[in-house]
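Structural features, examined
One letter stands for each residue in the lines below.
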Amino acid sequence: MLKDPSVSIDKSIATQLLGKVFGIYFLIAVVVTATHMFLEFENNKEILIQDLTMFESTLSKGIGEALWNEDTGILSAIATGMLKHPAVIGVQISNEYEEDVVLGGTIRRNGKRIDVGRIVLLENESGVVERLSNLDTTRKEGVFFSEIFGISSPILSPEGEDIVGKVVVYSDTNTVFNRVKSGFMMIILNAIIKTAALWTIFLILSRKLLRRPLFILTNATEQVNFENLENFKIDVKTSGRNELKVLEESFNSMTQKLDISMKKQKQAEEELRQLNEELEQRVRDRTEQLNRTLEEVKEANRQIMASIQYAQHIQNSLLPNLKEVKSYLPDSFFIWQPRDIVGGDIFYTHLAGAGFLVSVVDCTGHGVPGAFMTMLASSALRRIISEEGYLDPAEILRRLNVIITTALQQDTEHTLSDDGMDAAICYVKPDENRLIFAGAKLPLIYVHQNEIKIVKGDKQSIGYKNPDLNFNFTNKTVELAEEMSFYLSSDGFIDQMGGNKGFPFGNRRFTKLIQEQHNKPFADQQQQLLDAFAAYKGEHERQDDVTVVGFGFKSSIETNKGGRA
């Protein structure tokens, strides 16, 4: 015996389907019935108008004679008789001057409904005004079933030659409705009976043809024997090849395919178990090997990092001693931040008699390769300044170009190197109140009286392949004055990507930042530059090494004789 899956009648597919079909059918039935009723109403209204027209034509001769003879008594009698017609609710007779002579029942004047009631004889103009002014039955036209309409006919003289007036017979839609209401009731009753019969028949048939087969299928899904799928089949007991039969065949086909799939799955699970055992052993062996390799890599990395950190100590030792620098250049700051542990930027200072040198060098690359270049640059600068005695910035750059190029053999055809650097050198002579500057692509920026100036270097780098070893760099002189501030920088600051759009910091933003900060103590300027750089960089990666040197003459400069500081 089938087990009822406990689906309530209101939630069954048959009921839901019937509900949707009935809803559509109901809308169609309402529209069709309303259309039928409207057409029936309009047809009966037309018949009523024809009847009233014939009724008027029958009495028109008598009305014409009475109007011609001005016999209001006969007109009143005719109007009274006309009001007895079941379709007539009002009568209006007027003469050839369109003056009302007889009124009776309910009429319409100027779009308004007037309930006259009994027959009213209008003998003269003053009587008309007096009688109508006493009527307190005027109201606007009503709704659909009280709409008044009139049928008007001209009245001819007894000879039939002249129009002596007109008669208007009034009726309303309520009268038409009274004629057709029994027909309306039959139409509505017919629609209700058809709808109820359709609902009942559909519900009975759907239970037999749809709900019971679905119950069979539902019970079958609950009673599937996964251990014996090969012999499991269902029969939904439906006639013909319909959707339910297709569903039955699909279900039986699914169980057979599921049986085949489960057998294959069991076989695959066994093979997978064996494979897992083999893989687990391989993983254990491989893990041991990887652990040994990882330890070797860690040791190699430790040694590399130790070497790089030692290189950092070496590179730091190449930088000037800032405590000594402060002794002759107290108003200054030095920002040096390699992108990696070591970098390709370096700054250099040298005290020479009554003056001193300040320089910034931006070498090719960063990290370890850049650090090698800075060592070469630092060594060359010591040789040129301390040993060879050059203090002229342009001559220093010329000699640096020769030394770097020949050291890397970049003046030969067989060289594999193409490395070099950009540089900016200032020779400050406080006792002469002047500063001499020469640059290899790097500029000098200074601020005086809140006005920013940029002194560009030559468009020639130091080193690289096939250089012009005879290139003469240009010296440019700046007269020193109180409250002047000078700045040298590699391109790492201005090339840093950041901001909302990921654009470089840029020269304009950099010079504006210097202009805004130049009046502050140099320690504060240094912190403001670092804060501005970090804020603009945000989450973006560091692009390059950053070196910025700032100095000025806000206080006296004490010079000490000696060598490099």
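This text follows the structure it describes.
Heads up: these notes are all about the structure in this document. (Residues numbered from 1 in each chain as written. Predicted model: local features only at pLDDT ≥ 70, side-chain atom pairs only at ≥ 80, totals over all residues. Heavy atoms only, no water.)

One way to put it is that helix H9 (residues 507-517) packs onto helix H10 (residues 522-537) with a least axis distance of 10 Å and a crossing angle of 145 degrees. Note that H9 runs across H10; the crossing there is right-handed. On the side of H9, the interface is formed by Arg509, Phe510, Leu513 and Gln517, while H10 contributes Gln525, Gln528, Leu529, Ala532 and Tyr536. Split into classes, the residues belonging to the contact of H9 with H10 amount to five nonpolar, three polar and one charged. (Axes fitted to C-alpha atoms, helices over the stretch in contact; angles between N-to-C directions. Helix = DSSP H or I, 4+ residues; strand = E, 2+ residues; numbered from the N terminus. Left-handed = near helix turned anticlockwise from the far one by under 90°. Contact = heavy atoms within 4.5 Å. Nonpolar A, V, L, I, M, F, W, Y, C, P; charged D, E, K, R; others polar.)

All right, on to the environment of alanine 377 then. With respect to the helices and strands, the residue alanine 377 is situated in helix H7 (residues 367-387). For the pair alanine 377 and glycine 344, spaced 33 residues apart in sequence, the C-alpha to C-alpha distance is 10.0 Å. Those residues within four positions of alanine 377 in sequence are excluded, and the remaining contacts are Val361, Cys363, Leu400, Ile404 and Met421.

What follows covers the side chain of serine 157. Mapped onto the secondary structure, serine 157 falls in the loop between strand E5 (148-156) and strand E6 (163-172). Contacts of serine 157, omitting those with residues within four sequence positions, involve Trp68, Asp162 and Val164.

This part takes up unusual backbone geometry. Of note in the backbone geometry, asparagine 433 takes a positive phi value of approximately 55 degrees without being a glycine. With respect to the helices, strands and loops of the structure, asparagine 433 is situated in the loop between strand E10 (420-429) and strand E11 (434-440). Take asparagine 433: its relative accessible area is 42%, and that puts it in the partly exposed class. Phi is positive for asparagine 450, close to 65 degrees, though the residue is something other than glycine. Residue position: asparagine 450 is located in the loop between strand E12 (444-448) and strand E13 (451-455). (Buried < 20%, exposed > 50% of the residue type's maximum accessible area, 1.4 Å probe, protein only.)

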